[in-house]
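A look at the structure
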Amino acid sequence: AGAGADPMLLRCLKGERVERPPVWLMRQAGRYMKEFRAYSEKYPFRMRSETPEIAIELSMQPLRAFGVDAVIMFSDILTPLPAFGIDFDIVKGKGPIIPTTIRTPAQLAALTPLADFDPAAKLPFVAETLGALRAELKGSDTTLLGFVGCPWTLAAYSMEGGSAKEIRHTKKLMHSEPELVHGFLQYVTDAIAKYAVFQIDAGAHAVQLFDSWAHHLSPADYREFAAPYAKQVVDKIKAERPGVPVLFFPNGAGGKLEIVKEVVDTADVISLDWGVSMADARKRLGTSF
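A brief structural summary. (Residues numbered from 1 in each chain as written. Predicted model: local features only at pLDDT ≥ 70, side-chain atom pairs only at ≥ 80, totals over all residues. Heavy atoms only, no water.)

Another aspect to go through is helix α11 (residues 178-202). In a regular helix each residue adds 1.5 Å, so 25 residues correspond to 36 Å; α11 covers 36 Å between its end C-alpha atoms and thus fits that length. A positive backbone phi angle near 140° is found at G203, which sits one or two residues after α11. (Helix = DSSP H or I, 4+ residues; strand = E, 2+ residues; numbered from the N terminus. Expected span 1.5 Å × (residues − 1).)

Below you can see the structure in the form of structure tokens.
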């Protein structure tokens, strides 16, 4: 980018015409790279993602290898959970494990009070990683992306205790104790919006919201338990940091794009999964995004 100009992907996210389609990968740092595997074989996941020197290196590897138009911070959507009072680990071959699930009003009440949730104090390694990456990219045409998990996905992980094909515990709670689930979703909404703003202040040019478990919900349940809370997060970010693009990725939501268009209408960009063609999505989403 020229002196003072935004990098190309950031200009694209803001709706400006750019010279070519920008390129970045959602799972940009990953085991398809030999250099990445050298770290994953040596260090456990949380050590890699919570040690700035390692996280910076893993974030930069794809840029050096492929010259992509963005660097996305190496982290995980579950990273803020311990700051909420929910411990987790990512076990090789098993995925995320949350030993103490949130399934009762008492467990919900025991979480870190929102007034005490301070990302700068509880997640300093995130700011250090983003700040160093932003400094590294200064003067380049590369956009720095932060990201957070959406309320539905984080709450469902925390109620389920980890990955599950049918999320039976979560769905049982949704229909037997909807007030508990909605209370938990609101808690995560308020906290995750704060976390996203923290990432922007630490150096992210833009942030993406990952609703990785959107595919688990019927259209009716998605409209009740997921979309309104994603919308709140977008709006809270926009209220505090206007002008910063927000991307929204509802995974597996090809059958729910009309709900996305109607409810999550303040996002700047809708990210698509492999099951939706861009041409079809454009017809269904219109020109709002």
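What follows continues from the structure just given.
Time to look at the sheet that holds strand β4 (residues 143-149). Judged by pairing direction, the sheet is parallel, and its five strands sit side by side in the order β1-β4-β5-β6-β7 without closing on themselves. Both edges of this open sheet fall to β1 (70-72) and β7 (269-270), since each of them pairs with a single strand only. When strand β6 (residues 246-250) meets β7, the two strands line up parallel, connected through two bridges. By the bridge assignment, F248 is partnered in β7 with I270. Its contacts with the sheet place helix α13 (residues 227-240) against β5 (206-211) and β6, and it is angled at close to 170° to β5. (Pairing = 2+ DSSP bridges. Contact = heavy atoms within 4.5 Å. Axes fitted to C-alpha atoms, helices over the stretch in contact; angles between N-to-C directions.)

Moving on, we come to the packing of aromatic side chains. Two aromatic rings are characterised by how far apart their centres lie and by the angle between their planes. Per the counting criterion, the structure on display carries ten aromatic pairs. Each ring, one from F36 and one from F74, has its centre 5.7 Å from the other, and the planes form 70°; the classification is edge-to-face. Within this pair, whereas F36 is found in helix α2 (residues 34-40), its partner F74 is found in the loop between β1 and α5 (81-84), the two being separated by 38 residues in sequence. Each member of the pair, F36 together with F74, is buried. Between F210 and F249, the ring centres sit 5.8 Å apart and the planes meet at 85°, which makes this aromatic pair edge-to-face. Highlighted residues: F210 in strand β5 and F249 in strand β6, separated in sequence by 39 residues. Here F210 matches F249 in class, with each residue buried. Ring-pair connections join several aromatic residues into one group, and the members of that group are F36, F45 and F74. Directly above the ring of F88 sits R46, whose terminal nitrogen or CZ lies 4.7 Å from the centroid. (Phe/Tyr/Trp six-rings, centres within 6.5 Å; stacked < 30°, edge-to-face > 60°. Buried < 20%, exposed > 50% of the residue type's maximum accessible area, 1.4 Å probe, protein only. Lys NZ or Arg CZ within 6 Å of the ring centre and 35° of its normal.)

It is at 9 Å that the axes of helix α4 (residues 52-66) and helix α8 (residues 124-137) come closest, and there the two elements cross at 40°. One finds that α4 runs oblique with respect to α8. In terms of crossing hand, the pair formed by α4 and α8 is right-handed. Contacts between α4 and α8 involve P52, E53, A55, I56, S59, M60 and L63 from the first element and F125, E128, T129, A132, L133, E136 and L137 from the second. (Parallel < 35°, antiparallel > 145°, perpendicular 65-115°, else oblique. Left-handed = near helix turned anticlockwise from the far one by under 90°.)

Taken as a whole and assessed by the stated rule, the structure comprises one cavity of 30 Å³ or more. Estimates place the volume of the largest cavity at around 40 Å³. Lining the largest cavity we find P250, A253, G254, L257, I270, S271, L272, D273 and V276. Looking at the lining of the largest cavity residue by residue, the class counts come to six nonpolar, two polar and one charged. (1 Å grid on protein atoms, 1.4 Å probe; cavity = no way out; pocket = protein on both sides within 12 Å on 5 of 7 lines; lining within 4 Å. Points joined across faces, edges and corners; volume = space filled by probe spheres on them. Nonpolar A, V, L, I, M, F, W, Y, C, P; charged D, E, K, R; others polar.)

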